[in-house]
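What follows is the residue order along each chain.
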Amino acid sequence: MIAIAFYANNELFPLAFAIVDEENNSKWRWFLLCLQRYMISDMICICIISDKYIDINNVIAKVWHGPIEYH
């Protein structure tokens with residue numbers, strides 16, 4: 001799992017990453033909670049790109065309280 005962001009001049013830089021043994025609800029929940037803890041979620045809109053993990057929408061709805069651009 002990885003989270004990236006853009007500099008003001010549109011260059012990418014990594015925010016966080018995690019190596020997990022499997023992709024599941026608890027791992028996604030943990031990663032999003034860690035990410036949200038260090039971000040100002042009411043001021044930052046995120047875009048989530050995934051490999052179509054089936055339950056990611058449920059995890060995002062329960063965990064992320066900031067705006068989401070699209071998924």
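Before reading further, recall that the structure is shown in the block above.
Predicted, not measured: the structure shown is a model, and the values here were computed from it. Per chain, residues are indexed from 1 in the order of the written sequence. In keeping with the model being predicted, local features are shown solely for residues with a pLDDT of at least 70 and side-chain atom pairs are shown and tallied solely at 80 or more, while totals for entire chains, interfaces and linings include all residues. Only heavy atoms go into the side-chain values, all of them from the structure, while hydrogens and water stay out.

Draft legend 1. Broad picture of the pairing of strand S1 (residues 2–6). We call a residue buried when its accessible area falls under 20% of the maximum for its residue type, exposed when it is over 50%, and partly exposed in between, using a 1.4 Å probe and counting protein chains only. Put simply, DSSP marks the helices as runs of H or I at least four residues long and the strands as runs of E at least two long, and each gets a number from the N terminus on. In S1, alternate side chains face the same way, and those of Ala3 and Ala5 are buried while those of Ile2, Ile4 and Phe6 on the opposite face are not. Here S1 runs beside strand S2 (residues 12–17); their pairing, made up of five bridges, is antiparallel. Paired with Ala3 across the bridge in S2 is Ala16. Strand pairing is defined by DSSP finding a minimum of two bridges between the two strands. Two successive antiparallel strands, S1 and S2, enclose a turn made up of five residues, where Asn10 displays a positive phi of approximately 65°.

Draft legend 2. Fine view of the packing of aromatic side chains. By convention, a stacked pair of Phe, Tyr or Trp rings (six-membered ring in the case of Trp) has centres within 6.5 Å and planes under 30 degrees apart, an edge-to-face pair has planes over 60 apart, and any other such pair is tilted. For the structure shown, the criterion picks out one aromatic pair. Where Trp28 meets Phe31, the ring centres are 6.3 Å apart and the plane angle is 85°; that geometry is what we call edge-to-face. Residue Trp28 and its partner Phe31 are located together in helix H1 (residues 25–37), separated by three residues, close to a single helical turn. With relative accessibility at 11%, the residue Trp28 sits in the buried group.

Draft legend 3. Local environment of a nonpolar patch on the surface. Surface patches are drawn from residues lacking salt bridges whose relative accessible area is over 30%; two like charges belong together within 9 Å, two nonpolar side chains (Val, Leu, Ile, Met, Phe, Trp, Tyr) within 5 Å. Where accessible areas are quoted, they stem from the Shrake-Rupley method and a 1.4 Å probe; at the residue level, only the protein chains shown are allowed to cover. For this document, the term salt bridge refers to a Lys or Arg side-chain nitrogen within 4 Å of an Asp or Glu carboxyl oxygen. Residues Ile2, Ile4, Phe6, Leu12, Phe17 and Ile19 make up a contiguous nonpolar surface patch of about 760 Å² in total accessible area. Among the elements that line the nonpolar patch, the one with the most residues is S1, at three residues. On the secondary structure map, Phe17 appears in strand S2.

Draft legend 4. Representation of unusual backbone geometry in the model. The backbone of Asn10 sits at a positive phi, close to 65°, despite the residue not being glycine. Mapped onto the elements, Asn10 comes out in the loop between S1 and S2. Looking at Asn10, the relative accessible area reads 61%, which means it is exposed.

Draft legend 5. Expanded view of the nonpolar core. Residues belong to a common nonpolar core when they are buried Ala, Val, Leu, Ile, Met, Phe, Trp, Tyr or Cys residues joined through side-chain atoms within 4.5 Å. Of all hydrophobic cores here, the largest spans 13 residues; its most connected members are Trp28, Phe31, Leu32, Ile56, Val59 and Ile60. Breaking this core down by element, the ones donating at least two residues are H1 and helix H2 (56–63).

Draft legend 6. Representation of the environment of Phe6 within the structure. Topologically, Phe6 is positioned in strand S1. Residue Phe6 is classed as exposed on the basis of its relative accessible area, which comes to 57%.

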